[in-house]
Amino acid sequence: MTTTIPIKSPQLLVRPIDEKHFYVVNCSFPNSLRILNRAQYRILAAIDNQTPVAALGDKLAIEADVLEQFLEILSQTEIIQFDDQFSKPQKPGRLQSLNFWVHTTNRCNLSCGYCYISTLNSTGGMVEATQKQLLHKLVQTVTQRKISHIKLRLAGGEPLSQFKAWQAFIPEAKRILSELGCSLEFSFITNLTILTDEILAFSKEYRIGYGVSLDGLDADHDATRKFRSGAGSFHMIDRNLRTLLQHHIPVSTNTVITNANLAGLPHLTRYLIDLDIPFRYSIVKGQAIDAELLETHLSESYALMKDAIQEGWSFSRRHQFCDLKPNELGFQTCASGFSGGAIYVDGTVNYCHVHFGDPTQLAHTIFDDTLDLVDMIEQGSHYEDMKSTDCQSCRYKAVCTSGCPVYRLNGKDPQCSLYHRFIPLIYDLQARERLKLLQDYTMI
Amino acid sequence: MTAIHSNDILFDDFSILKELVGQRQLNLSSPTTDCDCIGYTVPVSDDNHDTNQVAPTAGQAD
C-alpha cells in the first residue's frame, strides 16, 4: 500500500466547524459526512493526488501503518480512493418501488389565488369505477413487475373532502397488494382544514402520513390560503397539526416561498422548530422572487436552526430545502419518468401533476389495458434527463440533480446560484449536529 | 510520535456513533416524505435507515 497514491474525490467539500474541528463530505457518496480533528484535517489537506502513501507519511512524520489505517477509514465512503474510480448515484437496474400522485378530486374548500389546478372545481371526486380500475392497474403492475412497495399520495383539490370515498378503498387495496408481496402506503397532501375523529382513527390504523401546505404563520398563511368566505385557515391548521402530532401520526409541512410570505420565514421557522415537525421550504416556480430578500430571510431562518441544534433540535431529520438531497443523494430529482407519475381524477396518467388538464401534454389512461403503469411511465414524457452541461461537472450534481425537471431553465434549476450558497450551509449545520452528538457523549 | 497522536489520527466519528446510537441514526433520508415532490426510494431495512418521521417528543407539543 505504501506505493499507492491516495486520490481525493473531486466532489469533496471540506470546511471548518470551529477552531478545533472540520468536516469533510463527498457530495457524490450517500451519508459520507465525517468530522475531522486538526490532525486529520492536516493529512487530508496534504493529499495532492500525486504523492504515494509512504512519502506522505514521511512528509507528515506519521507512522505508515497509522496513516494507512486512516486512509482506509476515509476510503469507506470514498472521501479518497486508491484509484480514480469514484462511484456516483445511478439509476437502479430493477425497479422496486413506485410512487404516484393521485388527484382524488377537483373540489377544494379553499380558494388560494395561486392554485395551479386548471380544472379546479370543474368536476367532483374520483368515481368508484375509476378507483376500481386503479386497483386493477396496481395489481397488474405489481404482478408483472415484481414491485415490492408502492406509495400513493392522495391530493386534489382537497383529498380529505373525499375521505368517505377512500375509506373502503385503502384497506382493500392494502390487503390485496399485501397478498402479492407488495406494501402499499398512503398519504394525504392536504390543506388540513378537515380532520375528524374518524379520519384520525383511520389514519392511525392504516399508518397514513400527512403532507400539509403551510404558507406562513397567522396572517402570512391567511393572506393566501382562505376559505371561499374570505376567512383565513391558519387557526385550523395550527390546531390540527398539533392534533396529528399528539396522535403520533406522521406529518410534515411544505411551504412554498414567494414574495408574499418570505419576510415571515424566520417566524415560521421558529414555530416549526418549536413544534418539532419535519418541514420543507421550497421556492416558488414559474414566477419571480426577490433574490436579495430571499437570501436575507433564509439566512435568518438558518441562523435560528443553528441555535436550535445547540439545544438538541434535530436539523437533519426535520428540515428539507427544496428538492435537495444532501444525504441519500440522487440520480434524478423526483420519481416522475422513472418510478412514478400523476393520476388524474378521470384516470389520465401524466408525467407530473402540474400537467393535469393540459391537452398538449402526452398522457395515458389507466383504462388502457394493453399497458401496465410502468409501461405508461416509460412511454410517457421524459423531462428528467434534460440537464445542462454545467450540471454534469457540478460538485453538487447528486444533491440537486438540476432541480424540478418541469421548471428548469436551460437545463438548470432557476435557483442554482442560491443552492451553491446554501448547500454548504446545510452541510455545516449537519456537521454541527454531529459534533454536538459526539460532545454530548464526551467522545470529542 | 505519541500514542495520543495516533489516536487523534484514527478518530472515527462514524464508527463511534454507530456503536452508540446505531447506524440508522446516521443514515439519513429526506425528512419530509409527504411533500408535493418526492424522489425514488427503494424499500429499506429499518435496521439501516431511520424511517421515523415524528420525534418521540412531538406529541407533547401543545
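Residues numbered from 1 in each chain as written. Chains lettered and ligands numbered in written order. Predicted model: local features only at pLDDT ≥ 70, side-chain atom pairs only at ≥ 80, totals over all residues. Heavy atoms only, no water.

Labelled according to an unreviewed UniProt entry, chain A appears under the name Radical SAM protein, originating from Spirosoma profusum. Per its UniProt entry, chain A bears the Sequence similarities (unreviewed entry) comment "Belongs to the radical SAM superfamily. Anaerobic sulfatase-maturating enzyme family." The heading Cofactor (unreviewed entry) in the UniProt record of chain A holds the text "[4Fe-4S] cluster". (UniProt positions renumbered as here; feature names shortened; annotations may be inferred.)

Draft legend 1. Focus on the overall build of chain A. Helix and strand counts for chain A stand at 16 helices and 15 strands. Here chain A has a C-alpha radius of gyration of 24 Å; the compact-globule value for 444 residues is 22 Å, and the two agree. In terms of overall dimensions, chain A has a C-alpha envelope of 75 × 50 × 40 Å along the principal axes. Counting only contacts in chain A whose residues sit at least 6 apart along the sequence, the fraction spanning at least 24 positions is 71%. (Helix = DSSP H or I, 4+ residues; strand = E, 2+ residues; numbered from the N terminus. Rg over C-alpha atoms; globule rule 2.2 N^0.38 Å. Contact = heavy atoms within 4.5 Å.)

Draft legend 2. Geometry of the pairing of strand 3 (residues 21–26) of chain A. Residue and element names in this part refer to chain A. Across the six residues of strand 3, six count as buried, placing the element largely inside the fold. The alternating pattern of strand 3 places H21, Y23 and V25 on one face and F22, V24 and N26 on the opposite face, and all of these are buried. Pairing between strand 2 (residues 12–16) and strand 3: five bridges, direction antiparallel. Following the sheet pairing, P16 is matched in strand 3 by F22. Remark: four residues form the turn of the hairpin made by strand 2 and strand 3, two consecutive strands paired antiparallel. In this structure, strand 3 lies alongside strand 4 (residues 34–37), joined through four bridges in antiparallel fashion. Counted as the bridge partner of V24 is R34 from strand 4. (Buried < 20%, exposed > 50% of the residue type's maximum accessible area, 1.4 Å probe, protein only. Pairing = 2+ DSSP bridges.)

Draft legend 3. Quick look at the nonpolar core. Residue and element names in this part refer to chain A. Residues I150, Y210, F321 and Y427 are the most contacted members of the largest nonpolar core, which totals 112 residues. In terms of residue count, the dominant contributor to this core is helix 16 (residues 416–440) (10 residues). Each of domain 1 (7–88) and domain 2 (97–378) gives at least three residues to this core. By size, the runner-up hydrophobic cluster in this structure holds 21 residues, among which are F22, L44, L74 and I79. (Core = buried A, V, L, I, M, F, W, Y, C linked by side-chain atoms within 4.5 Å. Domains from an automatic or database assignment.)

Draft legend 4. Highlighting the UniProt feature "domain: Radical SAM core" (unreviewed entry) in chain A. According to UniProt, the "domain: Radical SAM core" (unreviewed entry) feature falls on residues 94–316 of chain A. Here residues 94–316 of chain A runs as 43% helix and 17% strand, with 29 Å between its end C-alpha atoms.

Draft legend 5. The side chain of D238 of chain A, seen in detail. Residues and elements named next belong to chain A. As for its placement among the helices and strands, D238 is situated in helix 9 (residues 234–246). On the basis of relative accessibility, which here comes to 19%, the residue D238 falls in the buried class. One polar contact links D238 to R242, side chain to side chain, over a distance of 3.0 Å. Engagement of the side chain of D238 in a polar contact is seen with the side chain of Y271, the distance being 2.6 Å. (Polar contact = N/O pair within 3.5 Å; in protein donor to acceptor, adjacent residues only side chain to side chain.)

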